[in-house]
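Read off the chains here:
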Amino acid sequence: MADLKPAYLIHGDDDAKIDAWRARVRKRAEQERGPGGLEVFDARTSEPAEIVAALAALTFDPGTRYVLVDDAGAWKAGELGPLESILAEMPPDTILVAIARGKVVKQLCKAIDQAGGEVREYAAPKPWELPKWIVGRGRELGLHVDGEAAKELVSLVGTGQQRLSRELEKLALSVHPSTSVTTADVEASAAGDTAPQVYDLADALVAGDLKATLALAEQLESHGERPGRLAYPVVRRLREVHRAASLLDQGVPESKVGEALKAPPWLVKKTVARAKKADRAALERAICIFADLEIDTRGGGDVQLDEDTAFSLALARAAG
């Protein structure tokens, strides 16, 4: 995105590439304009006319405005008139990025193209292409994934790119400091296709997303995961992000934060990004809540609850 165009349409079913685009747009907007620098709309709840009003609104803020519309595939051709008009004469220093999963109406593609914008469609790898994709994604994480290991990962986890990417991150942690992943590593670390990830639960809790936290906890429970197994990785993640946030608050450079965390570079980057957005006080409170949970589940607390209820209440209090 070095030479910016007035509008972009990013669509398809390659979740990894589409998510990477969204992340780059957000990063650029926040680097140039600070936190909250990206204006975000959801096409499922915002009509094109609402986006047009936002684009046309006068602002005295210097620099480039970035407006992102998610789920642009929800718009119908008959709704696009106002958007087509403003795309023909985009306000200066304003960039519109529309993102959609799957197909979008041809009229939107044509309007973006005629405005001097860019339309990119990303097709997900075919099932037989996934092992090669895994090898490439592993390389991005600093891993050398054996070809047979990549095939085994697909057979165990399924064809979902996001899930495969998450499993690779797990593997990077489990083999660290080694950077080689073998079939044996995959068999030892990878879960089955339907089990949701405790790592997703931990990240949702760190982000303070109560709805996602409780939904993931419910999914994990439905797959037989017990609170005793979930609490440790959740608390570990809370401590990692809290440690990074504390160091950043002390003025420690990000490169030195990575040294202190003693984790793979990709995880350090992810943790620092979380830490920048996290509320330190909220993280400390969450850590204390789980310390109390441990006491309660061992019979030392004043309130006696069954393990599932106690864990659910701890999650709700920590994420709320």
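## A word on the confidence of the model for the protein
Right, so step 1: Predicted confidence across the protein gives a mean pLDDT of 85, with 93% of residues reaching 70 or more.
Right, so step 2: Predicted confidence for residues 192–196 stays below pLDDT 50, and this span has 13 contacts to residues more than four positions away or in other chains.

## Overview of the sheet that holds strand β1 (residues 7–12)
Right, so step 1: Read from one edge to the other, the open sheet built from 5 strands follows the order β2-β3-β4-β1-β5, with strand pairing classed as parallel. Here the strands that pair on one side only, and so sit at the sheet edges, are β2 (38–42) and β5 (118–122). Within the sheet, the average angular offset between the axes of one strand and its neighbour, ignoring direction, is 15°.
Right, so step 2: Where β1 and β5 come together, 4 bridges link them in parallel fashion. Across the sheet, the residue bridging to His11 is Glu121, located in β5.

## Topic: the pairing of β1
Right, so step 1: In terms of residue burial, β1 counts as a mostly covered element, since 6 of its 6 residues are buried.
Right, so step 2: Residues of β1 alternate between two faces, with Ala7, Leu9 and His11 on one and Tyr8, Ile10 and Gly12 on the opposite face, all of them buried.
Right, so step 3: Note that β1 and strand β4 (residues 94–101) share 6 bridges and pair parallel. The residue bridging Tyr8 from the neighbouring strand is Val97, located in β4.

Procedures and definitions
Residues numbered from 1 in each chain as written. Predicted model: local features only at pLDDT ≥ 70, side-chain atom pairs only at ≥ 80, totals over all residues. Heavy atoms only, no water. pLDDT = per-residue confidence, 0-100. Contact = heavy atoms within 4.5 Å. Pairing = 2+ DSSP bridges. Helix = DSSP H or I, 4+ residues; strand = E, 2+ residues; numbered from the N terminus. Axes fitted to C-alpha atoms, helices over the stretch in contact; angles between N-to-C directions. Buried < 20%, exposed > 50% of the residue type's maximum accessible area, 1.4 Å probe, protein only.

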